[in-house]
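Secondary and tertiary structure notes
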Amino acid sequence: MSKEHWDKSFSDTDFVYGERENHFINNKSNIIPAHSAIGCFAEGEGRNAVYLAKLGHDVTAFDQSTVGLEKTKTLAGQNNVEVKTAAMDLTKEKVQGNQFNAAIMVYGHVPKNDQKFFMENMVNSVKTGGYIIFEIYSEAQLEYQTGGPKSVDMLYDPADILNWFQSYKFIHFYYGEAVRNEGKRHVGTGHVIQAVMKK
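Quick look at the structure, then. All values derive from a computational prediction rather than experimental measurement.

Before going further, it helps to spend a moment on the overall build of the protein chain. Along the protein chain, the regular secondary structure elements total six helices and seven strands. In the protein chain, the succession of α and β elements from N to C terminus is α-α-β-α-β-α-β-β-α-β-α-β-β. Here the C-alpha atoms of the protein chain give a radius of gyration of 15 Å, agreeing with the 16 Å that 2.2 N^0.38 yields for 199 residues. Dimensions of the protein chain along its principal axes, counting C-alpha atoms only, are 40 × 40 × 30 Å.

So this is what it looks like as structure tokens:
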């Protein structure tokens, strides 16, 4: 999906996915060492980045939507924290490697042809020994109609994730249902892929 699509998507005055962090990120964030440098990929309006900044981390939010990143700054200000922002197309532009202690991503949906580059971009940004934490909708999400893309091309196959990152240690991997009530665009039971990896 294009920058224009996401700029329009985030142009509502409210936070379309809510202001609270994703449940999975909340549940797994305690694995990240204190005062870590964290990259938040496809971060949208900043809810997860702000949550991690409130925990005392040094956070950078990446997204192609400048509208989303402006809302990230607004949300950070409302919560009295600082979040650095970087406007990038993460399917084409490489993030500097080995700079973060951890990286997170929530529902960063890109076309099948771009998924491997996008995911490797996130993983490569993390230092050896660091953590990668993400939750995404699986291809099965189409049956649920509770949020996410309306095309299977924008959803993920768990076998791809395991194949791309088989050389890393999976601390957690889950493929199945999860209830998510996040703003007005993720409402109800969905079908997700979750992972916590150590590089």
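Alright, that's what it looks like, and here's the rest.
Another aspect to go through is the sheet that holds strand 7 (residues 186–198). Across the sheet, which stays open at both edges, the seven strands sit in the order 3-2-1-4-5-7-6 with mixed pairing between neighbours. Here the strands that pair on one side only, and so sit at the sheet edges, are strand 3 (84–87) and strand 6 (169–182). Neighbouring strand axes in the sheet, compared pairwise and without regard to direction, differ in orientation by 20° on average. The strands that helix 4 (residues 66–78) touches are strand 2 (58–63) and strand 3; relative to strand 3, the one it contacts most, it runs at about 175°. Across the face of the sheet, helix 5 (residues 112–124) comes into contact with strand 1 (37–41), strand 4 (100–106), strand 5 (126–137) and strand 7 while running at roughly 140° to strand 5.

It is worth spelling out the nonpolar core at this point. Most often, soluble globular proteins keep nonpolar side chains buried together rather than apart. Ranked by size, the top nonpolar core spans 28 residues in total, and within it Ile38, Cys40, Leu52, Val59, Val83, Ile104 and Ile133 carry the most contacts. Going through the elements one at a time, helix 2 (23–28), strand 1, helix 3 (47–54), strand 2, helix 4, strand 4, strand 5 and strand 7 are the ones with two or more residues in this core. Residues Phe62, Leu90, Val110 and Met197 belong to the second largest nonpolar core, which totals 26 residues.

The next point concerns unusual backbone geometry. Of note, Ala42 is a non-glycine position whose phi angle comes to about 50°, a positive value. Of note in the backbone geometry, Tyr107 takes a positive phi value of approximately 55° without being a glycine. For Tyr107, the location among the structural elements is in the loop between strand 4 and helix 5.

Below, the discussion takes up the side chain of His109. Summarising the element assignment, His109 is placed in the loop between strand 4 and helix 5. Residue classification places His109 among the buried positions, given a relative accessible area of 8%. Among the polar contacts made by the side chain of His109, one reaches the main-chain amide nitrogen of Tyr137 at a distance of 3.3 Å. Not counting residues up to four positions away in its chain, the partners in contact with His109 are Ile136, Tyr137, Pro149, Met154, Leu155 and Tyr156.

What follows is about the pattern of salt bridges. Using the criterion set out here, one finds nine salt bridges in the structure. The partner of Lys71 in a salt bridge is Glu45, and the shortest N-O contact between them spans 2.6 Å. Taken together, the positions of Lys71 in helix 4 and Glu45 in the loop between strand 1 and helix 3 put the pair 26 residues apart, joining distant regions of the chain. Residue classification places Lys71 among the buried residues on the basis of a relative accessible area of 10%. Using a relative accessible area of 5% as the deciding quantity, one classes Glu45 as buried. Residue Glu135 is joined to Arg180 by a salt bridge in which the shortest nitrogen-to-oxygen separation is 2.8 Å. Placement of Glu135 in strand 5 and of Arg180 in strand 6 is noted, with a sequence separation of 45 residues between them.

Assignment of secondary structure puts Asn22 in the loop between helix 1 (3–9) and helix 2. Within the local environment of Asn22, its side chain forms a polar contact with the side chain of Glu135, the two groups lying 3.0 Å apart. Beyond its immediate stretch of four places on either side in the chain, Asn22 contacts Arg47, Asn48, Val106, Tyr107, Glu135, Arg180 and Glu182.

This part takes up the environment of Lys28. Among the structural elements, Lys28 can be located in helix 2. Measuring from C-alpha to C-alpha, the distance between Lys28 and Lys71 comes to 25 Å, with 43 residues separating the pair along the chain. Ignoring anything within four residues of it in the chain, the contact list for Lys28 reads Ile133, His172 and Val196.

Conventions and cut-offs
- Residues numbered from 1 in each chain as written.
- Predicted model: local features only at pLDDT ≥ 70, side-chain atom pairs only at ≥ 80, totals over all residues.
- Heavy atoms only, no water.
- Helix = DSSP H or I, 4+ residues; strand = E, 2+ residues; numbered from the N terminus.
- Rg over C-alpha atoms; globule rule 2.2 N^0.38 Å.
- Pairing = 2+ DSSP bridges.
- Axes fitted to C-alpha atoms, helices over the stretch in contact; angles between N-to-C directions.
- Contact = heavy atoms within 4.5 Å.
- Core = buried A, V, L, I, M, F, W, Y, C linked by side-chain atoms within 4.5 Å.
- Buried < 20%, exposed > 50% of the residue type's maximum accessible area, 1.4 Å probe, protein only.
- Polar contact = N/O pair within 3.5 Å; in protein donor to acceptor, adjacent residues only side chain to side chain.
- Salt bridge = Lys/Arg side-chain N within 4 Å of Asp/Glu carboxyl O.

What is shown is where atoms sit, not what they do.
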